[in-house]
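Now for the letters of each chain:
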Amino acid sequence: MTVEKLFIEGPNKLAGEIAVHGAKNSVLPILAASMLCGAGCVLHNCPVLSDVETAMRILRHLGCRVERSGSSVFVDPTGMDRDDIPDCLMREMRSSIVFLGAIISRAGSAHLSFPGGCELGPRPIDLHLAALRRMGAVIRENHGCLDCSAPEGLHGARISLSFPSVGATENVMIAASRADGTTVISNAAREPEICDLADFLRQCGAEISGDGESTIVIEGVPALGGCEHRVIPDRIAASTFLAAAAATNGRLLLTGVNPLHLSPVLPVFEEAGCRLRCWENRMEIKAPPRLRPIKGIRTMPYPGFPTDSQAPVMAMACLAEGTSVFVENIFESRYKHAGELLRLGANIKVEGRVAVVEGVKRLSGAPVEAPDLRGGAALVIAGLAAEGLTEVSGLRHIDRGYEHFTESLAGAGASICRR
Ligand code: UD1
């Protein structure tokens, strides 16, 4: 097997326009929810990403008809005749746990292997399981497998999450849509992807209110129909391109974005000295010749600073004139990119949840390996800014979340190719 790498000859100064694709983290739960529909659904703005392809394979395995035409995906769930997800698909995408509530609701039972740990550290699913149990699911954890059934069907429940988990909120919303009675989720996640899932379900006939706030109320309905839905723009991909423009002292116009969803990250770019201009679905960033440091970035649930943008923004902070401090509050082990950034000449110290980045004047190219999806994007950003050749391996991680990444950056003037 040949291993592909990205070759970046730096330093680059990004200039031009990049179209941002649809949100991976919206498509996955919406594809899971589509299996509850009584008719076909068409989803527009679905990026071609390995995680999205995995979700489509899961649906096909379950017996749904799934077809892609460009960025639109058609799902016909009427022929669904299975209730299991094979271990290989669970391992390929840890977030396939978001299919659990949908499968139990549709089939009355579900058999999945346990998602286990991942690149970001342990990935517990206790909140998902406790919530579904409250809704009437009987779940047995058996030798790394989850055997679930709902002998009496799922019913509404009051669910209070101890942490506003995005995946657990989505699992409950999906399962509650066709459950018997009312479900109230307190301390629900408030991410824009939650609102996108709620919009999709409402278009199919679900009765959901409060999405985007901490309390979501779902009145179960007996059946859902089909619909046509356009997925929201990927705010994490957008913030990655903003960081790439900033790190390369460049100027970029991003199209197909929702600047409102980016409001938790924009102050960070302004603090670094970038000039931002926003329109309804476009935004422009112009970076200064030398970035200023960022005093403190604390990752938090939405509307706080997103953990998924931490690594790309750290790559940019490596080149600021002064010290930036990061506190990672969401995942235990999300600084693996820091070790690789050191190879490029960055000055970063990590102590538990805190990373202190002393900005340097220049980075220098080196071979590096993507440790995970967003960490991989951070290495590409640093490579664009670094002097000389940077080779990035581990591209399977980056392919999970960025569509046409190389082409988008090359189109904005980067000297980057994939071989
Ligand atoms: C989603 C996103 C991911 C993002 C994360 C946080 C998708 C496909 N992925 O992941 O990109 O980084 O939100 O914004 O949408 N937790 C538990 N028990 C549980 C569930 C979660 O302890 O049952 C913990 C996790 O270990 C983690 C924290 O809660 O420390 C946040 O996880 P969660 O919000 O569930 O993230 P995901 O939905 O997995």
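See the structure shown above.
Residues numbered from 1 in each chain as written. Predicted model: local features only at pLDDT ≥ 70, side-chain atom pairs only at ≥ 80, totals over all residues. Heavy atoms only, no water.

A closer look at the sheet that holds strand 6 (residues 84–85)
Right, on to step 1. Strand order in this open sheet of four strands is 6-7-9-8, and the pairing throughout is mixed. Of all the strands in the sheet, the pair left with one neighbour each is strand 6 and strand 8 (138–142).
Right, on to step 2. As paired strands, strand 8 and strand 9 (residues 145–149) are joined by five bridges and run antiparallel to one another. For V138, the partnering residue across the bridge sits in strand 9 and is S149.
Right, on to step 3. The strands touched by helix 4 (residues 100–107) within the sheet are strand 6, strand 7 (109–113) and strand 9, with strand 7 carrying the most contacts at an inclination of about 150 degrees. (Pairing = 2+ DSSP bridges. Helix = DSSP H or I, 4+ residues; strand = E, 2+ residues; numbered from the N terminus. Contact = heavy atoms within 4.5 Å. Axes fitted to C-alpha atoms, helices over the stretch in contact; angles between N-to-C directions.)

Focus on empty space enclosed by the protein
Right, on to step 1. Applying the stated rule across the entire model yields one cavity of 30 Å³ or more.
Right, on to step 2. The calculated volume of the largest cavity comes to roughly 40 Å³.
Right, on to step 3. Taken together, the residues of the lining of the largest cavity break down into four nonpolar, two polar and two charged. (1 Å grid on protein atoms, 1.4 Å probe; cavity = no way out; pocket = protein on both sides within 12 Å on 5 of 7 lines; lining within 4 Å. Points joined across faces, edges and corners; volume = space filled by probe spheres on them. Nonpolar A, V, L, I, M, F, W, Y, C, P; charged D, E, K, R; others polar.)

Things to note about the side chain of R374
Right, on to step 1. If you trace the backbone, R374 turns up in helix 12 (residues 373–385).
Right, on to step 2. Within the buried set, R374 has no salt-bridge partner at all; the shortest N-O distance to an opposite charge, 4.4 Å, is to D308.
Right, on to step 3. Within the structure, R374 has its side chain in polar contact with the side chain of Y402 (distance 3.0 Å).
Right, on to step 4. Leave out the neighbours within four places in its chain, and R374 touches K24, I236, D308, A311, P312, R334, G401 and Y402. (Buried < 20%, exposed > 50% of the residue type's maximum accessible area, 1.4 Å probe, protein only. Lys, Arg positive; Asp, Glu negative; His and termini not counted. Salt bridge = Lys/Arg side-chain N within 4 Å of Asp/Glu carboxyl O. Polar contact = N/O pair within 3.5 Å; in protein donor to acceptor, adjacent residues only side chain to side chain.)

Quick notes on the layout of surface pockets
Right, on to step 1. Of the pockets and cavities examined, the second largest pocket occupies roughly 240 Å³.
Right, on to step 2. Along the wall of the second largest pocket there are 16 residues; nearest its centre are A247, N249, L319, K361 and A385.

Details of the state of the cysteines
Right, on to step 1. For the structure on display, the rule yields zero disulfides.
Right, on to step 2. C148 takes part in no disulfide bond, and the closest cysteine sulfur to it belongs to C145, at a distance of 10 Å.
Right, on to step 3. Using a relative accessible area of 2% as the deciding quantity, one classes C148 as buried.
Right, on to step 4. A disulfide-free cysteine, C195 has its sulfur positioned 16 Å from the sulfur of C227, the nearest such atom. (Disulfide = S-S within 2.5 Å.)

Some details on the site of the ligand
Right, on to step 1. In the region of the ligand, 18 residues are neighbours, and D126, S165, G167, D308 and I330 sit closest.
Right, on to step 2. L127 places a polar main-chain atom, nitrogen or oxygen, 2.8 Å from an oxygen atom of the ligand.
Right, on to step 3. At 2.8 Å, a backbone N or O of G167 approaches an oxygen atom of the ligand.
Right, on to step 4. Bound to the protein, the ligand loses 83% of the 740 Å² it would expose on its own.
Right, on to step 5. Per element, the largest residue contribution to the shell around the ligand is three residues, and it comes from helix 5 (residues 126–134).
Right, on to step 6. Each of domain 1 (6–21 + 233–418) and domain 2 (24–230) gives at least three residues to the shell around the ligand. (Near = heavy atom within 4 Å. Areas by Shrake-Rupley, 256 points an atom, 1.4 Å probe, with all protein chains shown as cover. Domains from an automatic or database assignment.)

Let's talk about the pairing of strand 21 (residues 354–358)
Right, on to step 1. Here strand 21 shows one buried face, formed by A355 and V357, and one open face, formed by V354, V356 and E358.
Right, on to step 2. Bridging between strand 19 (residues 323–327) and strand 21 involves five bridges; their strand directions are antiparallel. Pairing of S324 across the sheet is with V357, part of strand 21.
Right, on to step 3. Pairing between strand 20 (residues 347–351) and strand 21: five bridges, direction antiparallel. Pairing of E351 across the sheet is with V354, part of strand 21.

Some thoughts on the environment of V325
Right, on to step 1. Tracing the backbone through its elements, the reader meets V325 in strand 19.
Right, on to step 2. Residue V325 is classed as partly exposed on the basis of its relative accessible area of 26%.
Right, on to step 3. Considering only alpha carbons, one finds V325 and E152, 173 residues apart in sequence, at a separation of 51 Å.

Thoughts on the packing of helix 8 (residues 235–247) against helix 12
Right, on to step 1. For the pair helix 8 and helix 12, interaxial distance at closest approach is 9 Å and the crossing angle is 25 degrees. Taken together, the axis directions place helix 8 and helix 12 in an arrangement best described as roughly parallel. Between helix 8 and helix 12 the crossing geometry is right-handed. In this structure, helix 8 uses I236, T240, A243, A244 and A247 to contact helix 12, whose residues at the interface are R374, A377, I381, L384 and A385.
Right, on to step 2. Split by residue class, the contact of helix 8 with helix 12 holds eight nonpolar, one polar and one charged. (Parallel < 35°, antiparallel > 145°, perpendicular 65-115°, else oblique. Left-handed = near helix turned anticlockwise from the far one by under 90°.)

Description of helix 11 (residues 336–343)
Right, on to step 1. For helix 11, the full list of buried residues reads H337, A338, E340 and L341. Buried residues of helix 11, viewed axially, fall in a sector of 165 degrees; they line one side. (Arc of directions from axis to C-beta.)

Some points on the packing of helix 1 (residues 24–34) against helix 7 (residues 192–203)
Right, on to step 1. Closest axis-to-axis distance for the helix 1/helix 7 pair is 9 Å, and the angle between their directions is 30 degrees. Classed by the angle they form, the pair helix 1 and helix 7 counts as roughly parallel. Crossing geometry of helix 1 relative to helix 7 is assigned as right-handed. In this structure, helix 1 uses N25, S26, P29, I30, A33 and S34 to contact helix 7, whose residues at the interface are E193, D196, L197, F200 and L201.
Right, on to step 2. A breakdown of the residues in the contact of helix 1 with helix 7 according to their chemical character gives six nonpolar, three polar and two charged.

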